[in-house]
Amino acid sequence: MNRKKQNMWEYVPLADYAVPQATISRTIKSGIKDIWQRFRRPDTPRHPAHDLEYLPASDVEKVAPPSHWSGAVRALEILAKNKTGSAEAPSVMMVTGLPGSGNAQILSRLAKSLGWRLIPAPDPQQILTQDLAWLDWTKSAETPWVLCDLGKTYLRHVRGLTLVRQLLARINSKAAGPGVIGCDSWSLAYLRRVLPVPFPGAVVAQAFDDLSLGRWLSQRAHDGCGRQIHFRQADNGKTVLPADADTKASAFVNHLAARSFGIPGIALEIWRRALKREPDETAGDQTSETEPANGISIWVEPWEKIPWLVVPLDLGPASPVLMHSLLLHNGLPWNLAADLLPFSATETDRTIQALTDAEILQTRHGELKISAHWYPSVKAYLNGEGYLTDQF
Amino acid sequence: MELFQQLNQAAIIRGALIAALALVLIGISQKVIPLIADRLSGRQRLYALATVPLIRLVIILAALWMIISIIVDPTTENIFALLGALGLALGFAFKDYVGSLIAGIVTLYELPYRIGDWVSVEGVYGEVKSIGMRAFEILTPDDTVVVIPHLKLWGEKIFNANDGSRHLQCAAKFYLHPEHDPRQVIQALEDTAMTSAYLQISKPVTIVASEGLWATEYRVKAYPVDPRDQFRFTTDLTLRGKQALMALGVRFPAPGAPDSGDGA
């Protein structure tokens, strides 16, 4: 990849977080084009969409692999050293993460790279039994510490707030020493409402605008395949990535940045579902006529054909409550979800099954979570229904 | 000056067609708009439902005007004369019916209840499901439809729990033995409300205590996200609140005292 590797990650105070927007002209153009296409006879695309097939999972892993968040860790290292003070004058920095931003993994890697103590979250039983012994780690304030997710220290249960209350009290009294505490944006929104105490000063990874997102996705493809990949739009062959110029992203990436709120993990999941190939081609080793002199091509579904997912209304009355609880807890194990929700086990199981069948939920590392590609729609739905959402 | 125009067969058919068309349009609007509203969420649903009676009124007024134009020469004097005569006749024959119709029109601008509101009239509590010209229908929590004439607007108290908004306050009551630590109880009840999955967290949670003959009464007042969840919310508060109080070792009143955990 001849483009110079840049670190797109930047951590900013919460008030400076800026969600990328699709440009007005592109939104209008896209809308008019959509209406126009409904009435006109379809012209022959350069590579008719029906001749293309979605990339198989193995190829997707190559051209759009998950991130290791190295750039974010690098950006945080200096900030963490500067903002956490010393054992004599300790302070705690909060790093807020949006769903799909990889915040917990980033902080875990940060602890390793700085040699700081990585504090494991209490298990749910410790939270529910209000086991204050979990807080013993705050007594040795010599080495700075990293707690990856404050959201995993509470449960939305009548006995589920004691540990987080005590933890914040110790942080506010400087008893815990210097450290970094991660917190999911939804958990933070909830805890700030429920606990009337000061929270540590927080930073958040700035949202990727379309240019940053384009560069990041190109980097992912390059890292995965070891060579430059050209992403071209399936209906007209125009280049989607890498961008032609450093000043303007393609329309697709512009829309992608807006829909994913600039969260790289969310954008990556939507991106992975838009990638196509010609039949019988394998990403990374094809030698067809689509291969330019300096790389290989992957086709991208036109943005107009990427469906705007709508949360179905027939999933039962428990579904919004369940989705909201999962977001407030940044995911829950199945059995714990059943314990926390005010429904019978049968009703909870039925709703989880319905949401899983609709692909809105998925199980990752033993926890039920909202699927990344569904997140924008679920957030819009819960917001419309009047539920508390994160501030971003 | 002639009041009535010459009524021939064509004019009668035209009038009948207008009336039929108006009825069809009203029927369509009453079916289609709620269907669309059910596909919307939150406030948009309430706004969509609120247009149903308005659209019906517009259709009725338009149809009446067109029919009157066919029957009478629509000068100001003629209209007043006709309305006066109709008013006199109908006032005697259908006093209550006409009273309900007029009250139905008054509801359109006074808005004492809207579709989606939770109202209580003469002890009947439920969600307003439809508003007709003469009466409105409420669906009780026991799934019974009650038809209430608008005439009640003149003489009865109408209690509206959410008044067109999504915010409907619920209260869960707890009766405790007078010997207890009130700070612990308030904290437990507040945590119970704050951790309810149904809670509208942007609205306040209030705990009110009062001393009764047999027990100390605590009322936890809070709002659910969706007014339709009010009974589930109150149940959730009651059951989990009771559990939290029992964990504190709080005693409940002896037999003979009022029951604890009453609903909204």
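It should be noted that the structure appears before, not after, this text.
Thresholds, definitions, all that
Residues numbered from 1 in each chain as written. Chains lettered and ligands numbered in written order. Predicted model: local features only at pLDDT ≥ 70, side-chain atom pairs only at ≥ 80, totals over all residues. Heavy atoms only, no water. Patch = residues over 30% accessible without salt bridge, like charges linked within 9 Å, V, L, I, M, F, W, Y side chains within 5 Å. Areas by Shrake-Rupley, 256 points an atom, 1.4 Å probe, with all protein chains shown as cover. Salt bridge = Lys/Arg side-chain N within 4 Å of Asp/Glu carboxyl O. Helix = DSSP H or I, 4+ residues; strand = E, 2+ residues; numbered from the N terminus. Contact = heavy atoms within 4.5 Å. Buried area = accessible area lost by both parts, 1.4 Å probe. Nonpolar A, V, L, I, M, F, W, Y, C, P; charged D, E, K, R; others polar. Phe/Tyr/Trp six-rings, centres within 6.5 Å; stacked < 30°, edge-to-face > 60°. Buried < 20%, exposed > 50% of the residue type's maximum accessible area, 1.4 Å probe, protein only. Lys NZ or Arg CZ within 6 Å of the ring centre and 35° of its normal. Pairing = 2+ DSSP bridges. Core = buried A, V, L, I, M, F, W, Y, C linked by side-chain atoms within 4.5 Å. Axes fitted to C-alpha atoms, helices over the stretch in contact; angles between N-to-C directions. Expected span 1.5 Å × (residues − 1). Parallel < 35°, antiparallel > 145°, perpendicular 65-115°, else oblique.

Participant: Hey, could you run me through a nonpolar patch on the surface in this one?
Facilitator: There is a patch of nonpolar side chains on the surface, built from B:Leu21, B:Val24, B:Leu25, B:Ile28, B:Val32, B:Ile36 and B:Leu40 and spanning about 570 Å² of accessible area. As for its placement among the helices and strands, B:Val24 is situated in helix 1 (residues 9-39).

Participant: I tried to follow the interface of chain A and chain B on my own but got confused; where do I start?
Facilitator: One frequent convention defines the size of an interface as the accessible area lost when the parts assemble. Counting residues at the interface gives 19 residues for chain A, matched by 24 residues for chain B. Summed over both partners, the interface of chain A with chain B comes to about 1800 Å²; 55% of that surface belongs to carbon and sulfur atoms. Ranking the residues of chain A by area buried against chain B places A:Arg156, A:Val158 and A:Glu385 at the top, with a combined share of 31%. Taken together, chain A and chain B are joined by 1 salt bridge. Between B:Asp191 and A:Arg165 there is a salt bridge, with the nearest N and O atoms lying 2.8 Å from each other. Looking at the side of chain A that touches chain B, the elements that each hand over two or more residues are helix 7 (185-194) and helix 11 (319-328) of chain A. Per-element accounting of the side of chain A that touches chain B gives the leading share, 3 residues, to helix 7 of chain A. Residue composition of the side of chain A that touches chain B, grouped by class: 11 nonpolar, 4 polar and 4 charged.

Participant: Would you take a moment to explain the packing of aromatic side chains for this structure?
Facilitator: Here a ring pair, both rings aromatic, is described through the centre-centre distance and the interplanar angle of the planes. Residues and elements named next belong to chain A. For the structure on display, the rule yields 18 aromatic pairs over all chains. Centre to centre, the rings of Phe 252 and Trp 271 are 5.7 Å apart; their planes meet at 65 degrees, and the pair counts as edge-to-face. Taken together, the residues span a long stretch of sequence, with Phe 252 in helix 9 (residues 251-259) and Trp 271 in helix 10 (residues 264-272) at a distance of 19 residues. Neither residue differs from the other here; Phe 252 and Trp 271 are each classed as buried. Between the aromatic rings of Phe 261 and Tyr 375, the centroid separation amounts to 6.1 Å while the plane-to-plane angle is 80 degrees, which identifies the pairing as edge-to-face. Taken together, the positions of Phe 261 in the loop between helix 9 and helix 10 and Tyr 375 in helix 14 (residues 375-384) put the pair 114 residues apart, joining distant regions of the chain. Phe 261 gets classed as buried once you look at its relative accessible area, which sits at 18%. The ring of Phe 199 has Arg 192 sitting right over it, with the charged end atom 6.0 Å from the ring centre.

Participant: Which parts of the structure should I look at to understand the pairing of strand 11 (residues 296-300) of chain A?
Facilitator: Taken residue by residue, a regular strand's side chains alternate between the two faces of the sheet. Residue and element names in this part refer to chain A. The element strand 11 is largely enclosed, with a buried count of 5 among its 5 residues. By the alternation rule, side chains of strand 11 split into Ile 296, Ile 298 and Val 300 and Ser 297 and Trp 299, which are all buried. Alignment of strand 8 (residues 229-233) against strand 11, held across 5 bridges, turns out to be parallel. Bridging across to strand 11, Phe 231 finds its partner in Ile 298. Pairing analysis gives 2 bridges linking strand 10 (residues 275-277) to strand 11, with the strands arranged antiparallel. Residue pairing for strand 11: Lys 276 is matched across the bridge by Trp 299.

Participant: Explain the side chain of A:Ser371 here, please?
Facilitator: All names here are of chain A. Here Ser 371 shows up in the loop between strand 13 (367-370) and helix 14. By relative accessible area, which is 1% here, Ser 371 ends up buried. Those residues in contact with Ser 371 that sit more than four places away from it in its chain are Glu 359, Ile 360, Leu 361 and Gln 362.

Participant: Any chance you could explain the nonpolar core here in plain terms?
Facilitator: Formed by 144 residues in total, the largest nonpolar core has its most connected members in A:Phe231 and A:Trp271. With residues near it in sequence (within four places) discarded, A:Trp271 still touches A:Ala64, A:Leu217, A:Phe231, A:Val240, A:Leu241, A:Phe252, A:Leu256 and A:Val300. Within the second largest apolar cluster, 17 residues are counted, among which are B:Ala103, B:Ile115, B:Val128 and B:Ile148.

Participant: Explanation requested: the sheet that holds strand 3 (residues 92-97) of chain A in the structure shown.
Facilitator: Strand pairs in the sheet, formed through backbone hydrogen bonds, run parallel or antiparallel to each other. Residue and element names in this part refer to chain A. Strands sit in the order 1-7-3-6-5-4 across an open sheet of 6 strands; the sheet is mixed. With partners counted over all chains shown, the strands left at the sheet margins are strand 1 (11-13) and strand 4 (117-119), one partner each. Taken over all neighbouring pairs, the strand axes of this sheet differ in orientation by 30 degrees on average, direction set aside. Strand direction decides the pairing type here: strand 3 and strand 6 (residues 179-184), joined by 6 bridges, are parallel. From the neighbouring strand, Met 94 faces strand 6, where its bridge partner is Ile 181. Across the sheet, helix 4 (residues 103-114) lies against strand 1, strand 3, strand 4, strand 5 (145-147) and strand 6, angled at about 165 degrees from strand 6, the strand it touches most.

Participant: Quick question: what am I supposed to make of helix 4 of chain A here?
Facilitator: Since the α-helix packs 3.6 residues into each turn, any two residues three or four apart lie on the same face. Residues and elements named next belong to chain A. With 12 residues, helix 4 ought to run about 16 Å at 1.5 Å a step, and its terminal C-alpha atoms sit 16 Å apart, in line with that. Of all the positions in helix 4, only Asn 103, Ile 106, Leu 107, Ser 108, Leu 110, Ala 111 and Leu 114 are classed as buried. Looking at the buried residues of helix 4, the elements they touch are strand 1, helix 3 (70-83), strand 3, strand 4, strand 5 and strand 6.

Participant: Would you mind going over the packing of helix 7 of chain A against helix 11 of chain A with me for this structure?
Facilitator: Packed helix pairs are characterised by how far apart their axes lie and by the angle those axes make with each other. Residue and element names in this part refer to chain A. It is the contact of helix 7 with helix 11, at a shortest axis distance of 7 Å, that shows an interaxial angle of 95 degrees. Between helix 7 and helix 11, the crossing angle belongs to the class labelled roughly perpendicular. Contacts from Trp 186, Ser 187 and Tyr 190 of helix 7 reach helix 11 at His 324, Leu 327 and Leu 328. Broken down by class, the residue content of the contact of helix 7 with helix 11 amounts to 4 nonpolar, 2 polar and no charged.

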